Each structure stands twice: as C-alpha cells, then as structure tokens.
Amino acid sequence: MRLPLRVVLWLYVAFNLLQALILTFDPELTDRAYLGGEMTPTRQFQWYAVAGYHVVIIAVTIVAMTLSRAADRRKFIITNALMYLLWDATSQLVYWGHKIGMATSDLVINSGVSIITALILFAVAYFDRDPVPAGDSSD
C-alpha cells in the first residue's frame, strides 16, 4: 500500500480513536445532539458500547493495512465505507434524525461526517492497487 493511502488510513484510525475516547470518557459531548435527556448509567453504557464499535473498526483497519494484496485490503475498506454511508448516514437522514427530533444542523453535520468518511474510504479503495510487475500490462 502506497504511503499516502496509509497516511489517510492512519488518520482514519486516529478519528475513530478520538470517537472511542469521547464516547468512553465524555459521552455527554456526543449525547447532546441526540436529545437524550439525563445521562443515566444505562445511556452511558450504550455510548460505551458504541465506543467498542470504533475500537473494532480501528483493529480491522490496522489488519487491512497489513494485508499484502490490494484486493484483500479493498474488501475491508469498502465494507467499512458502506457501513458509514448506508448504516450510519442514511439511517440518520431517512429515519433516526427525525424520529428523535434531532436539530437539522446536528443531523446534517453528523450524517455529513459519515458521508465524507465513506467517500474518503472509497477513494482509498479506488487508488489502492498492487504494483504492476515490469513488462506486465494486465490488472
């Protein structure tokens, strides 16, 4: 994997680490946008569980970067991008944002970050190719 793509994925790892830390140690920061009310131990645990998802994403991304074949790395990266696009952003825009009464500005920011993240991951997958041996013009 070329260095610029690796750098992008390490920034993605840092982005997920920041989210995991915030959700673990200051879930109120994220919770405010979701209009959840008082932070109960149950709500705090739910945010902690979401932080666990980000830890898994960190691990999967690091493992993907260690794979020798670009085709194998792309499977992980595209799956991750689709999760951000279809599960996170789309569900917020189509259903959850309005269901919980989320402010339009918060909804646009939250879903927008997920859409941009997905697009960045799609770009990494698109540009991640194995080097072509000298004299070989096949892909």
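Scroll up for the structure.
Scope of this entry: the structure provided in the associated data block.

Rules used in this analysis
- Residues numbered from 1 in each chain as written.
- Predicted model: local features only at pLDDT ≥ 70, side-chain atom pairs only at ≥ 80, totals over all residues.
- Heavy atoms only, no water.
- Helix = DSSP H or I, 4+ residues; strand = E, 2+ residues; numbered from the N terminus.
- Buried < 20%, exposed > 50% of the residue type's maximum accessible area, 1.4 Å probe, protein only.
- Areas by Shrake-Rupley, 256 points an atom, 1.4 Å probe, with all protein chains shown as cover.
- Lys, Arg positive; Asp, Glu negative; His and termini not counted.
- Charge placed at Lys NZ, Arg CZ, Asp CG, Glu CD.
- Contact = heavy atoms within 4.5 Å.
- Core = buried A, V, L, I, M, F, W, Y, C linked by side-chain atoms within 4.5 Å.
- Expected span 1.5 Å × (residues − 1).

What follows deals with the overall build of the protein chain. Per the secondary structure count, the protein chain includes five helices and zero strands. Order of helices (α) and strands (β) in the protein chain, N terminus to C terminus: α-α-α-α-α. Burial statistics for the protein chain: of 139 residues in total, 29% are counted as buried. Summing over all exposed atoms, the protein chain offers an accessible surface of approximately 8,700 Å²; the carbon and sulfur share of this is 70%. Distance from the positive charge centre (10 side chains) to the negative charge centre (11 side chains) of the protein chain: 7 Å.

Time to look at the side chain of His54. Structurally, His54 is set in helix H3 (residues 41–66). Apart from residues lying up to four places away in sequence, His54 is in contact with Asn16, Gln19, Ala20, Leu23 and Tyr84.

This next bit is on the nonpolar core. Most often, soluble globular proteins have nonpolar side chains that are buried together. Among the nonpolar cores identified, the biggest contains 13 residues, and Leu9, Tyr12, Ile77, Tyr84, Leu121 and Val124 are the most heavily contacted of them. Sorting the residues of this core by element identifies helix H1 (3–25), H3, helix H4 (70–99) and helix H5 (104–127) as the ones contributing at least two each. Each residue touching Tyr12, except ones within four places of it in the same chain, is listed here: Ile57, Thr61, Asn80, Tyr84, Thr117 and Leu121. Membership of the second largest hydrophobic core comes to five residues, among which are Ala20, Met39, Trp47 and Ala51.

With that settled, the discussion passes to H1. Compared with an ideal rise of 1.5 Å per residue, which puts 23 residues at 33 Å, H1 spans 32 Å between its outermost C-alpha atoms and is within 8% of the ideal. Of the surrounding elements, those touching the buried residues of H1 are helix H2 (27–31), H3, H4 and H5.

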